[in-house]
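Listed here are the chains, written in short residue letters.
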Amino acid sequence: MDITHSSTEPEKVSQKPPEGMESDLSKLANNLVTKFHVLMRISQIYDSKNIALHQFIQESLQTINTLIKREGALSLKIVKDDFFLNERRLRYSVEGFTSFKYLLTQWKKRLIGEVIFKSPVDERMLREFIYVLINLEEGREENATLFNEQLASRDIPSIEVNSLEVVEGEEEAFTLQKEDQREVGKKVFFETIGTIKGVITQIKSKQYADVRKLKRLAQKAVHLVIEDESILLGMTTIKNYDEYTFNHSVNVSIYSLAMGKRLGFSKKALTELGITALLHDIGKSKIPREILNKPASLDEEEWGMMKKHPLIGVEIVLNLKQLGEINPRMVVGIFDHHLKSDLSGYPKLFRKKEVSLFGRIIQIADSYDAMTTSRIYKKTPYTPEQALALLLRERTVHFDPVLLKIFIGLVGIYPIGSLVLLNTRELGIVYKPNHDPKWLDRPTVIMVARSEKGDVKKEVVDLIETDGAGRYKRNIVKTLDPDKYHIDIAKYFL
Ligand SMILES: [Fe+2]
Ligand SMILES: [Fe+2]
């Protein structure tokens, strides 16, 4: 049945998006997924007779029966990694993502691919249906058949389920695509390091610096960050001590791009931000190596020299003709990156000004990367957690608190690359923060197996996974210092 021709919603016809469903139905469908999610979760906690369930079941019934009445029948089906409601792909909202993912995982585990409501249901039917569903043994092939038998014996003829359809080769195709992106990510990452190294060398020796390639790579990085930021973010854990300056520029660029993405920047603005971040310390190429690499603290004259690097950077960038038209915000971004919110940084200004948005973004990315990398004057770097704590401590005077919040959402409260101890006494490395801000403490982690021979990567697990009783399978107890455990974090991201 085609809802666009329904007489109740005539004005929606012309607004129908090309794929998916119109907003009203989409809202109901999202609501249905959320209700299913909560129903499954609370049924794992309470028994089927519990009174607390009553209210919630009533609300769920309303959503389900409204949809059945409107659509005639209701089919919720998994196709690959999407839900289809009566053959139309469900577009989930940002808030709905958690429920969407939960349902997808839970149904897939039980090999259930479709639930069909043929006619309206009542409270008893829904209760029993949910209990049969959650009590299905995971991974048993006959689940759909057994489920239907149970429904029949309990006199619930209006609900029917079907097995999960596994499209031949789908799993491999999916991982292959991911792997491909990872390969592209690696290539862009290392090529950018090589290219920035070339540019710096050229500037140092007063040669003509070729930055066209840098611009192309920044565009590629923007594309990758938009597709899946976790790939490049993972690469920032590669801290190459010998090539600090080059690695640092690329890392700052990755963090900045991921922030810009969250701020809703256009591709053009993102590319400009990426290039600005890559070149933020370009002024250092004119500062003597002895000062840059001095193990002891700098004397006053040396500091004076060091503090000139933002201004020298501006000068260099203005002379890079190949960058094409240079947007003033790129130049200002470089100038501003050590100013700090209260202007207590450098260069010293004659007149008060606001720190530019590019400057504020780069400043956070810059501080975080510098703190988490070992340097000649600070051999043991801060752990990601310590670095975040330090940034937070200075949030009002030195940083933009809103941007800092975005940054923390990006790296997670357990930032990518943190070594964590789980309550199961297992070790894990944070691989990807949870999409949902309310589960910042439940990232996806790579499990680490340790033996006399060293450490190796095991499976990747999502910390929102629960057991049959609805309890989380694993929790983070604390972060650990990878140096003490002799674990090379970067290895896990390559
Ligand atoms: Fe700098
Ligand atoms: Fe820097």
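Our structure's up above, just so we're on the same page.
Please read all numbers here as calculations on a predicted model, not as lab measurements. (Residues numbered from 1 in each chain as written. Chains lettered and ligands numbered in written order. Predicted model: local features only at pLDDT ≥ 70, side-chain atom pairs only at ≥ 80, totals over all residues. Heavy atoms only, no water.)

(A) The arrangement of the coordination of the iron ion (ligand 1) in detail. Asp-281 (OD), His-309 (NE2), His-337 (NE2) and His-338 (NE2) make up the full set of protein donors to the iron ion (ligand 1), lying at 2.1 to 2.3 Å. Between the four donor atoms coordinating the iron ion (ligand 1), the angles at the centre fall across 84 to 178°, so the site counts as irregular. Donor residues for the iron ion (ligand 1) sit on one chain with the sequence pattern D-x27-H-x27-H-H. In this model, the iron ion (ligand 1) sits 3.5 Å from the iron ion (ligand 2), the two metals being bridged by Asp-281. Taken together, the residues Asp-281 in the loop between helix H9 (267-278) and helix H10 (289-292) and His-338 in the loop between helix H13 (328-336) and helix H14 (357-371) connect sequence positions 57 residues apart. Accessibility assignment for this pair places Asp-281 and His-338 in one class, buried. (Donors = N, O, S within 2.8 Å, 3.2 Å for Na, K, Ca; no water. Tetrahedral: all angles 85-135°; square planar, octahedral: opposite > 155°, others 65-115°. Helix = DSSP H or I, 4+ residues; strand = E, 2+ residues; numbered from the N terminus. Buried < 20%, exposed > 50% of the residue type's maximum accessible area, 1.4 Å probe, protein only.)

(B) View of the side chain of Asp-369. Locating Asp-369 in the fold gives a position in helix H14. Each residue touching Asp-369, except ones within four places of it in the same chain, is listed here: Lys-239, His-248, Asn-251, Val-252 and Tyr-255. (Contact = heavy atoms within 4.5 Å.)

(C) Local environment of unusual backbone geometry. Cis geometry is found at the peptide bond from Tyr-346 to Pro-347, where omega equals -5°. Here Pro-347 lies in the loop between H13 and H14. Its identity as a non-glycine residue notwithstanding, Asn-86 has a phi of 45°, on the positive side. For Asn-86, the position within the fold is in the loop between strand E2 (82-85) and strand E3 (88-89). With relative accessibility at 19%, the residue Asn-86 sits in the buried group. Phi is positive for Lys-206, which is not a glycine, with a value near 55°.

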